[in-house]
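So the chains spell out like this:
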There are 2 protein chains.
Amino acid sequence: MRPTTKDLAKAAGVSLATVDRVLNGRPGVRKQTVKAVNEAIERIGFIRNQSAANLARGRHYRFQFLLPETGNDFLATVIERIEEAGAAFRSESLDISMRRALSNDPHVTAKILSRLSPKRVDGVAIMAPESPQVRDATTRLIERGVEVVQFISGQPGLRPLDFIGVDNHAAGATAGRLLGRFLGDREGKVLIVSETMNSLDSVERRLGFDTVMTAGFPNLSALPSLETYGDPERTRKVVANSYANHPDIVGAYLLSSEARPALQALCKASDPSGQVILAHERTAYTEEKLRDGTLDAVIAQNPGHLVRSAIRLLRARSDGREPLASQEQIRLEILIKENLGRY
Amino acid sequence: MRPTTKDLAKAAGVSLATVDRVLNGRPGVRKQTVKAVNEAIERIGFIRNQSAANLARGRHYRFQFLLPETGNDFLATVIERIEEAGAAFRSESLDISMRRALSNDPHVTAKILSRLSPKRVDGVAIMAPESPQVRDATTRLIERGVEVVQFISGQPGLRPLDFIGVDNHAAGATAGRLLGRFLGDREGKVLIVSETMNSLDSVERRLGFDTVMTAGFPNLSALPSLETYGDPERTRKVVANSYANHPDIVGAYLLSSEARPALQALCKASDPSGQVILAHERTAYTEEKLRDGTLDAVIAQNPGHLVRSAIRLLRARSDGREPLASQEQIRLEILIKENLGRY
DNA sequence: CTATTTTTGAGGTACGTACCTCAAAAACGT
DNA sequence: ACGTTTTTGAGGTACGTACCTCAAAAATAG
């Protein structure tokens, strides 16, 4: 049987009330007594029953995911996983909600953040690009006592804020290495297609990609990033242009989370089978294209893991605990036809 | 505020006692009343507070990992993760223990299983090779009311038992594809080193590897599997022999979870830099060899994920719940220098 | 030493659920 | 309508912890 507060009181030679005072940092206990209790905790290996504590406190965690209003296949998967996790965690006093309201306009995002109150949420996971406005709004949000994690978008270590997502520089570097290795000794140009290069995420990926290409693959040269701005018509045009101007394109790196329009344009403008093509994120579409051989590899982050990680992190922060680092490290997955799994 | 049993009683127009009878399947309730309560559950969205229920029941889960007595770096990492998870879950009424007792002799394993009683454990995760003896002992264990999952070793779908681990056929296929792609047009032989080919896991990996090689890479031919039997001396000898007999070896696939002895023997017998070399499992050693370029890729399963998955599965089974499928799918990770992460 | 302050103990209630008992009410068979 | 059985309600205790009050004890100041 696991020791309870009662056992702890007996072991420390004090009353339950004193144990309670020490455990919850209440005043009116001599330093000497505090030490005695802490020693007893160590000695008998007391561990607070978090469930019982939460029950007694009437504690429940209200976390909200703030997502972009418009989105693609990848975002759809993320949303599915949030719903799934919400259902799974409901029995553990976790209320997971979701708001699709953020836009690329940082002012809109900032405004939404400014309206959040700790009376309504305990923590939020924000999926929004880096910007000074959002950063300020976030800081004020934290000051008001709301836990915040940056979700998917952003970068680790830049500011003292928890970040759940992959290292985009590493993602780009991984893509670069794979593309280079898959192409072997072949010489030629590499097409790079991005939705926009205005986001830090894209810039970092490109940077990582170039680092590896320059250092490791002198036989290849990466073309300037094509920007599609999410417009299929424009995508078709710029991609077709590139193939017309560069007959020696041997591969392509589609660095945005939405691979479909770029890949469709690419297939229309040239024959994908002779090229090595890499994309990001696992969606029904990229899976299909991996299976049929159009895509050679996909660099992905696991949406379910991202979601659960964000929830666990918010929960740990709400409890004033340190999260389990090894679990919250988001892995950069490399997917090829063979390791897609049975789904 | 989330509805409680009290709210449910009011909503269903019955007493707390009746609600309790329905919720816990106790007898003495008219079908009609049961239906009314269930409808009220749906209507008000009642969700049982699992923590409170466990507290009231005095329920605590005692799970045990049964591991091989002898092991390597990979097993060491698994053990670390078990300890870590055990510490993290202690506050949630989970007692995670561990026994390093299993050997390759199925009789020993079976004997240990036969001694387990539901009075001492609620569930076990067994890491042992497939064998009729173990299978029988497992079946009896389940009949005695102990939850069982097959851990890492074994294969999914073969028997009606939960399996936590990767699909070894897919693992081999993944290795085959990567090796083939990395070698490009080069022609030659591929060395295959295994600890033993007596285990189903090894056989499956080899099978998956060959499937891809045969179909996709006619320029390469895989040599018969070398067996090391965990003996460094023997390893050195057979590997050196192979290189002497086959000067046209261009790559190697080390398919056991312990890469070190094979790779060391390989480096002694030949120059690794001209070859493409793949190994399994992430350990400090394989990480180092990926970073310095000796290894080209590593196929891995995440030990932390494996451990937590096993625990969640045992817990779900103990509660009579279905586990969250998407979470328990163990991914087959491909690691290269660039996506190792910051650790 | 006494007066005051600080520390401690004893006891209670509460959280949401499980599980128990006993009596009352309803439904049933004849 | 009777007795019998089934169903329901009312109430209690418990789990481990939080948080509260009040009085008693101990430490400290004067």
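The preceding data block contains the structure.
We now turn to the structure provided with this report. (Residues numbered from 1 in each chain as written. Chains lettered and ligands numbered in written order. Predicted model: local features only at pLDDT ≥ 70, side-chain atom pairs only at ≥ 80, totals over all residues.)

**Things to note about the overall build of chain A**
Looking only at helices and strands, one finds 14 helices and 12 strands in chain A. Projected onto the principal axes, the alpha-carbon positions of chain A cover approximately 85 × 40 × 35 Å. For chain A, the residues scored as buried account for 43% of the 343 residues in total. For chain A, the share of sequence-separated contacts (at least 6 apart) that also reach a separation of at least 24 residues comes to 73%. (Helix = DSSP H or I, 4+ residues; strand = E, 2+ residues; numbered from the N terminus. Buried ≥ 20, exposed ≤ 12 C-beta atoms within 10 Å, placed from the backbone. Contact = placed C-beta atoms within 7 Å.)

**Points about the protein's contact with DNA strand D**
Taken together, 24 residues are adjacent to DNA strand D, and T4, A53 and A56 of chain A together with S15 and T33 of chain B come closest. Those elements that provide at least two residues to the surface near DNA strand D are α2 (16–23) and α4 (50–57) of chain A together with α2 (16–23) and α4 (50–57) of chain B. Among the elements that take part in the surface near DNA strand D, α4 of chain A stands out by supplying five residues, more than any other. Per-class residue counts for the surface near DNA strand D are 11 nonpolar, nine polar and four charged. (Near = placed C-beta within 6 Å. Nonpolar A, V, L, I, M, F, W, Y, C, P; charged D, E, K, R; others polar.)

**Looking at the interface of chain B and chain A**
One frequently used descriptor of interface size is the decrease in accessible area upon assembly of the parts. Listed by partner, the interface residues are 38 residues for chain B and 38 residues for chain A. Mapped onto the side of chain B that touches chain A, the elements with two or more residues apiece are α4, α5 (73–89), α8 (168–183), α14 (325–328) and β12 (333–335) of chain B. Examining the composition of the side of chain B that touches chain A, we find that six residues originate from one element, α8 of chain B, more than from any other. Classifying every residue of the side of chain B that touches chain A gives 12 nonpolar, 14 polar and 12 charged.

**Focus: the environment of L207 of chain A**
Residue placement: L207 of chain A occurs in helix α9 (residues 200–216). Separated by 35 residues in the primary sequence, L207 of chain A and G172 of chain A place their C-alpha atoms 7.0 Å from one another.

**A few points about the pairing of strand β6 (residues 188–194) of chain A**
Residue and element names in this part refer to chain A. Buried residues dominate β6, accounting for five of its seven residues. In terms of strand pairing, β6 meets strand β7 (residues 220–222) through three bridges, oriented parallel. In the sheet register, V190 faces β7, and the bridge partner there is A222. Note on the crossover from β6 through α9 to β7: the handedness is right-handed. (Pairing = 2+ DSSP bridges. Right-handed = clockwise from strand over helix to strand, strands pointing away.)

**Examining the sheet that holds strand β4 (residues 147–151) of chain A**
Working definition: the strands of a sheet are paired by backbone hydrogen bonds and lie parallel or antiparallel to each other. Residue and element names in this part refer to chain A. An order of β2-β1-β3-β4-β5 is seen for the five strands of this open sheet, with the pairing classed as parallel. Each of the sheet's edge strands pairs with one partner strand only, and the pair in question is β2 (94–102) and β5 (162–164). Averaged over all neighbouring strand pairs, the angle between strand axes comes to 25°, with direction disregarded. Summarising the sheet, strand β1 (residues 61–68) and β2 pair through eight bridges and their orientation is parallel. If you follow F63 over to β2, its bridge partner there is I96. Its contacts with the sheet put helix α5 (residues 73–89) on β1 and β2, and the angle it makes with β2 is roughly 160°. Packed on one face of the sheet, helix α13 (residues 303–319) meets β1, β2, β3 (123–126), β4 and β5 and runs near 160° to β4. (Axes fitted to C-alpha atoms, helices over the stretch in contact; angles between N-to-C directions.)

**Observations regarding the environment of T77 of chain A**
All names here are of chain A. Here T77 is to be found in helix α5. Residue class for T77 comes out buried when judged on the 20 C-beta atoms lying within 10 Å of it. In this structure the C-alpha to C-alpha distance between T77 and P303, which are 226 residues apart in sequence, comes to 6.8 Å. When sequence neighbours within four positions are dropped, the list of residues in contact with T77 reads T283 and P303.

**With respect to the protein's contact with DNA strand C**
Taken together, 24 residues lie near DNA strand C, and S15 and T33 of chain A together with T4, A53 and A56 of chain B sit nearest. Going through the elements one at a time, α2 and α4 of chain A together with α2 and α4 of chain B are the ones with two or more residues in the surface near DNA strand C. With five residues, the single largest contributor to the surface near DNA strand C is α4 of chain B. Broken down by class, the residue content of the surface near DNA strand C amounts to 11 nonpolar, nine polar and four charged.

**A look at the sheet that holds strand β5 (residues 162–164) of chain B**
Residues and elements named next belong to chain B. As summarised here, the arrangement of the five strands in space is β2-β1-β3-β4-β5, forming an open sheet in which the pairing is parallel. Whereas interior strands pair on both sides, the edge strands pair on one side only; in this sheet they are β2 (94–102) and β5. Along the sheet, successive strands turn relative to each other by an average axial angle of 25°, direction set aside. Along the sheet face, α5 touches β1 (61–68) and β2 and points at about 160° away from the line of β2.

**Quick look at the packing of α5 of chain A against α13 of chain A**
All names here are of chain A. Running from amino to carboxyl end, α5 crosses α13 at an angle of 50°, the nearest separation of the two axes being 9 Å. Here α5 is positioned oblique relative to α13, judged by the angle of their axes. α13 is crossed by α5, and the crossing has right-handed handedness. On the side of α5, the interface is formed by T77, V78, R81, I82, A85 and F89, while α13 contributes P303, G304, L306, V307, R308 and I311. (Parallel < 35°, antiparallel > 145°, perpendicular 65-115°, else oblique. Left-handed = near helix turned anticlockwise from the far one by under 90°.)

**Structural notes on the pairing of β4 of chain A**
All names here are of chain A. Among the five residues that make up β4, five are buried, leaving the element largely enclosed by the rest of the structure. Residues E147, V149 and F151 of β4 are buried on one face, and the alternating residues V148 and Q150, pointing to the opposite face, are buried as well. As a crossover connection, the stretch from β3 through helix α7 (residues 132–143) into β4 is right-handed. As paired elements, β4 and β5 share three bridges and run parallel to each other. Bridge pairing in β5 links F151 to I164.

**As for unusual backbone geometry**
For S93 of chain A, which is not glycine, the phi torsion reads 65° and is therefore positive. Here S93 of chain A is to be found in the loop between α5 and β2.

**Observations concerning the relation of the copies chain B and chain A**
When chain B is brought onto chain A, the operation consists of a screw motion whose angular component is 180° and whose axial shift is 0.1 Å, with 0.2 Å RMSD remaining. The transformation just described matches what one would write down for a two-fold rotation axis. In this assembly the copies share their binding face: 97% of the residues contributing to the interface of chain B also contribute to that of chain A. (Least-squares fit on C-alpha atoms with pLDDT ≥ 70 in both.)

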